[in-house]
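Structure at a glance
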Amino acid sequence: MRLGTRSPNEFIQLLNQKNDLIQKSFLSKILDMTKMIDTKVMLGDATVSEQKTFDPKLVMDYFQNIGRNLKDWSIQDVTISNNEDLRRIFMKFEIMEGNYLISGHISIQFHVLLYYKPVQRVIDCQKELAEIIDMTKNKEEELSNNSDQYVLDKLKEMGYKDFDHQKLFEVFYENDEFREKVFSEIEEQSGVDFQKLSEKKTTLFNELDSLLVETYQTTPTLIDDSKLVTGEEGCLCTFDLEFVKNNTREGLFDPRKMSESAKEGIVKRLDEFATIIN
């Protein structure tokens, strides 16, 4: 039974009221921890811009503090899921009261936007990459225009004079050692070390990756499980109450059959949680 679900039973109504207060307190805390601040970032075109972000570590620390204070509860560690630009920080916990299991789930879901740090090195890397790409493209076009004849001349030097073009190139591609030697000579004649340029390009791309900075955006509102699954921004705080019989959980049960001690224990646990999150 998900707390917050309508019920004519007075005890369940009491639990719903407490659940509502917990959710409001939780949302208030999340609002404080996700207040947006301005930060300077650089766009891909080297334009420096101000973007808004918050610090997810504040939320993670808050969740961990809740976990440390939930005495006697079985707690799953605070976890961060990472699905491209969508992230979620969440924690689950549960405890038995008599024959009833109380299970809770708190989480926050937010989007990640990538920018560059506003530093000169980003511009320098982009400039170096553009020069390498242009040089490589120009040289590859030049080689493409000259290499066919060069290959034919080399093959004729080896005695393949009376073959047509198609046959000559079949010989060329069947001889791995000769082909590699010819490619090496063609590259050497071009005056460009393509392997070195490729390695430099990889180094620059890696350096640019190291200069990326993340910004975080969320919507300060309570969402439900379905919105969480579909990737909506927001936070979630839910409690479920189940009757446990023969190690089997039952979400549908008659609250009129609950013992007074079980009811008192459940109310006590929710009150304790309300205190902890504040």
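In the block above lies the structure referred to throughout.
What this report covers is the structure whose coordinates are included nearby. (Residues numbered from 1 in each chain as written. Predicted model: local features only at pLDDT ≥ 70, side-chain atom pairs only at ≥ 80, totals over all residues. Heavy atoms only, no water.)

**Re the overall build of the chain**
Operational definition: Put simply, DSSP marks the helices as runs of H or I at least four residues long and the strands as runs of E at least two long, and each gets a number from the N terminus on. Under the scheme applied here, a residue whose accessible area is under 20% of the maximum for its type counts as buried, over 50% as exposed, and between as partly exposed, the area being computed with a 1.4 Å probe on protein chains only. In what follows, a contact means two residues having at least one pair of non-hydrogen atoms within 4.5 Å.
Assigned secondary structure in the chain consists of 8 helices and 9 strands. Sorting the 278 residues of the chain into buried and exposed places 40% on the buried side. Considering only intrachain contacts with a sequence separation of at least 6, the fraction spanning at least 24 residues in the chain is 64%.

**A short note on the environment of M135**
Assignment of secondary structure puts M135 in helix α3 (residues 120-157). The spacing of M135 and L197 is 62 residues in sequence and 9.3 Å in space, taken between C-alpha atoms.

**Examining the nonpolar core**
Formally: Think of a nonpolar core as a cluster: buried Ala, Val, Leu, Ile, Met, Phe, Trp, Tyr and Cys residues, connected wherever their side-chain atoms sit within 4.5 Å.
The biggest cluster of nonpolar side chains holds 42 residues, and the ones touching the most others in it are F239 and F273. Among the secondary structure elements, those contributing two or more residues to this core are α1 (10-33), α2 (56-69), β5 (86-97), β6 (100-116), β8 (234-245) and α8 (260-277). Broken down by element, this core gets its largest block of residues, 8 residues, from α1. Not counting residues within four places of it along the chain, the set of residues in contact with F273 comprises I22, I66, L70, F93, I106, C237 and F239.

**Observations concerning the pairing of β5**
Convention followed: Two strands pair if DSSP finds at least two bridges between them.
Judged from the 2 bridges that link them, strand β3 (residues 74-75) and β5 form a sheet pairing that is antiparallel. Bridge pairing in β5 links I75 to F93. Bridging between strand β4 (residues 79-83) and β5 involves 5 bridges; their strand directions are antiparallel. Bridged to I80 within β5 is I89. Pairing between β5 and β6: 12 bridges, direction antiparallel. Considered in β6, the bridge of L86 is made with H111.

**A few points about the side chain of E97**
With respect to the secondary-structure elements, E97 resides in strand β5. The residues touching E97, leaving out its near neighbours within four places in the chain, are I102, A262, G265, I266 and R269.

**Quick word on α1**
Stated precisely, the cut-off is as follows: By this rule, a helix spans an expected 1.5 Å times one less than how many residues it contains. Polar contacts, as used here, are pairs of N or O atoms within 3.5 Å; protein pairs need one atom able to donate a hydrogen and one able to accept it. Residues neighboring in sequence count only if both atoms are side-chain atoms.
For α1, spanning 24 residues, the distance from its first C-alpha to its last is 35 Å, which sits close to the expected 34 Å at 1.5 Å a residue. Regarding α1, the residues found buried are F11, I12, L15, N16, K18, N19, I22, Q23, F26, L27, I30 and M33. Looking at the packing, one finds that the buried side of α1 touches α2, β6, β8 and α8. Where α1 begins, the capping side chain belongs to N9, and its oxygen is found 2.9 Å from the backbone nitrogen of F11.

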